[in-house]
Amino acid sequence: MDLIESYREELKLVRKPWSKAWVAVMIAAALLMPLYLSPHMIYLATLIAIFSIGVLGQNLLIGYTGQISFGQAGFLAIGAFTFGHLSGWGVPWPLCALAAGLVAAVFGILIGIPSLRLKGPYLAIVTMGFGVAVYQILVNVPLLSGGRMGMTVARLEPLFGMTRINSAFYLNLIICLLFILLTYNIVSSYMGRAFIAIRDNDIAAEVLGVNLTRYKLMAFAISSFYVGVQGGLYAQLLGYLEANMFTWMETIAFLVAVIVGGLAMINGSIMGAAFVILVPHIFSAYKELVPVVFGIFIIVILIFEPQGLAGRIFKIRLYFRNWPFR
Amino acid sequence: MMEKFLQYTISGMSQGSLYTMVALGIVLIYRSNRVLNFAQGDMATAGTFAAMALLGMNLYFWMSSLFALFVGAAIAVLFYFCVLIPAQRRDATHLGQIMLTLGIGLIIQGLILRFGSVEPQTFPFPISDTKVYEFGNVVVSQLSLGTLIFNLVASIGFYLLVQKTKLGLAMRATSENLQAAQTLGIPTRRILALSWGLAAMLGVLGGCFWPRPCCWIHFLCSNRFSRDLPRPSWEGSTACPGRLSAACFWGWPNRWPAVIFLSHSRTLWRFW
């Protein structure tokens, strides 16, 4: 779509002046949200920002590296409960969030080891087993999860005289933006190209000098780190945790977000996260039918736009760029 | 201890044979379409609910079960023609196709929630689970024996269909090499649709037997069936007798938690 004449130009995050203006408008609109949206909508926007972090990580793993993982609920739970326990011991929340990511990353490496031997559905099933095992362990070990009573987590104190929800919104928005930048950097770097090479053809990638073991494990570790941090921030926002929050449905939500948003598309991850959070909310009046609506949306989007929402927006942009000549 | 071992082995095999039915369906679809069907449990549950609805209209059990088989098959075939093929034509990714099965699974779950019931419901069944037969010191209920025999017969029938008939040969050819099968004149699309229908029927067969041991059925049964997903990889995805024996064995640990509970923590075993 764009003519890129140098490597330096390719590394630019936003290339065209108009694109810069759009990005500036969108960031400004996001920052000013508390001025024109109700607290409930701000809460939803906060959830989207938090969920986007995990979906970005999942997209790095599935979209860029081509490794299917169905165990994200497990990493999310590990991150959330790590955050919960550490904050209960009085550790400052930034360290808790970092620890949540790191602990999840360690488990990510462990789960990534089978990826060196397994592919496709077999890897999916191994990771799915991990998600189920984490859930069962949390359900059955009250020491870890707080049992049926769950676990209360210290919530974020209001910052700079703002309301609690506005503070949470700005904090999570900034963290989400940092993760988006980090993801763009990863994708533009040697590491990102190694991930894409593994996805396209792992044997060819190895022949060209990509260390498969290192980069596959790295993809799992980074993806799990993202999801772990998401879990920690989620725990902080809700102020309460219980094992039943991290079921198989949570993993499905991740997958839906990645696929509906668009594989290997960073803006798609955010759209996917918004989709997963907003669809159940919009159809909450028909609570029983929410899964039906969710399923219909998945099917319709996947049939009519396999590239996801980001792919559709890309096509629309392309259409208007060439308009009226198609 | 030996008696308990035999007792749990037999009842575990009986329960495992139910899993066999659902697992065979998953393997059949995976082998023919290379799609991991996450809606297998939901299709089985939908068929079982259809049977229950007909039983509520005072239809014979065998009639209701037969109809349920067709309902399950119809859902699967419709899904194949109306959802999967259009998506494949638009170059859906492999993961995208798996997500489609998740999508149809969610739709079925939601509809069962809406039109079935959230509350567990009893499922009338012609075989008694209180009438028992004694083989030495091992006691086997009529239901366990009936389930085991029925599912064994169905599995053998499925094996013969795949291995000894022209249709089975066409199915195997399609699963081995789709293009080569098309070149040889095999109507691959129809064969694949048949695979979906057959897989759903196997799931419904397991589903119709499932509620009775639990005395209830509700929408969460689909989750129960979905636990079958790891099975195909564990059992290997080619050899039918291997799958059959492995899935029967799989049912065995389902009974063991009760024993383990006596002396150990049940935490780890509940994973089964």
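Calculation rules
- Residues numbered from 1 in each chain as written.
- Chains lettered and ligands numbered in written order.
- Predicted model: local features only at pLDDT ≥ 70, side-chain atom pairs only at ≥ 80, totals over all residues.
- Heavy atoms only, no water.
- Pairing = 2+ DSSP bridges.
- Helix = DSSP H or I, 4+ residues; strand = E, 2+ residues; numbered from the N terminus.
- Phe/Tyr/Trp six-rings, centres within 6.5 Å; stacked < 30°, edge-to-face > 60°.
- Buried < 20%, exposed > 50% of the residue type's maximum accessible area, 1.4 Å probe, protein only.
- Contact = heavy atoms within 4.5 Å.
- Polar contact = N/O pair within 3.5 Å; in protein donor to acceptor, adjacent residues only side chain to side chain.
- Expected span 1.5 Å × (residues − 1).
- Core = buried A, V, L, I, M, F, W, Y, C linked by side-chain atoms within 4.5 Å.
- Arc of directions from axis to C-beta.

Asks: Would you explain the pairing of strand β2 (residues 138-141) of chain B in this entry?
Replies: Successive side chains on a regular strand alternate, one facing one side of the sheet and the next facing the other. Residues and elements named next belong to chain B. Across four bridges, strand β1 (residues 132-135) lies against β2 in antiparallel orientation. By the bridge assignment for β2, Y133 is matched with V140. As consecutive antiparallel partners, β1 and β2 are separated by two residues, and within that stretch G136 has a phi angle of approximately 70°, a positive value.

Asks: Is there a simple way to explain the packing of aromatic side chains in this structure?
Replies: Aromatic rings considered in pairs are described by the distance between their centres and by the relative angle of their planes. Per the stated rule, a full pass over the model turns up 20 aromatic pairs over all chains. Ring geometry for Y122 of chain A versus Y30 of chain B: centroids 6.2 Å apart, planes at 90°, classification edge-to-face. Linking Y122 of chain A in helix α7 (residues 120-140) with Y30 of chain B in helix α1 (residues 2-33), this pair reaches from one chain into another. Given the relative accessible area of 13%, Y30 of chain B is considered buried.

Asks: Help me understand the environment of Y226 of chain A in this model?
Replies: Residue and element names in this part refer to chain A. Positionally, Y226 belongs in helix α12 (residues 212-238). Looking at Y226, the relative accessible area reads 1%, which means it is buried. In contact with Y226, not counting residues within four places along its chain, are I53, G54, L56, G57, L60, F179, L182, T183 and I186. A polar side-chain atom of Y226 sits 2.9 Å from a polar atom in the side chain of T183.

Asks: Before we go on, may I ask you to explain helix α8 (residues 188-209) of chain B in this structure?
Replies: At 3.6 residues per turn, the α-helix brings residues three or four places apart onto the same side. With 22 residues, α8 of chain B should reach 32 Å at 1.5 Å per residue; the first-to-last C-alpha distance of 32 Å fits that figure. Along α8 of chain B, 18 of the 22 residues are buried, which leaves the element largely enclosed by surrounding structure.

Asks: Sorry, what's going on with the nonpolar core here?
Replies: Nonpolar side chains in soluble globular proteins generally cluster together in the buried interior. Among the nonpolar cores identified, the biggest contains 146 residues, and F51, F70, Y226, L241 and V256 of chain A together with M43 of chain B are the most heavily contacted of them. Of the residues forming this core, the biggest block, 14 residues, is contributed by α12 of chain A. Core analysis: the next-biggest nonpolar cluster, separate from the first, contains five residues, A30, I42, F169 and L173 of chain A among them.

Asks: In this structure, what is going on with helix α16 (residues 308-322) of chain A? I would like to understand it.
Replies: Residue and element names in this part refer to chain A. Compared with an ideal rise of 1.5 Å per residue, which puts 15 residues at 21 Å, α16 spans 22 Å between its outermost C-alpha atoms and is within 8% of the ideal. Of all the residues in α16, the buried ones are G308, A310 and G311. For α16, the angular spread of the buried residues around the axis is 110°, confining them to a single face. Taken together, the buried residues of α16 touch α13 (248-261) and α14 (266-282).

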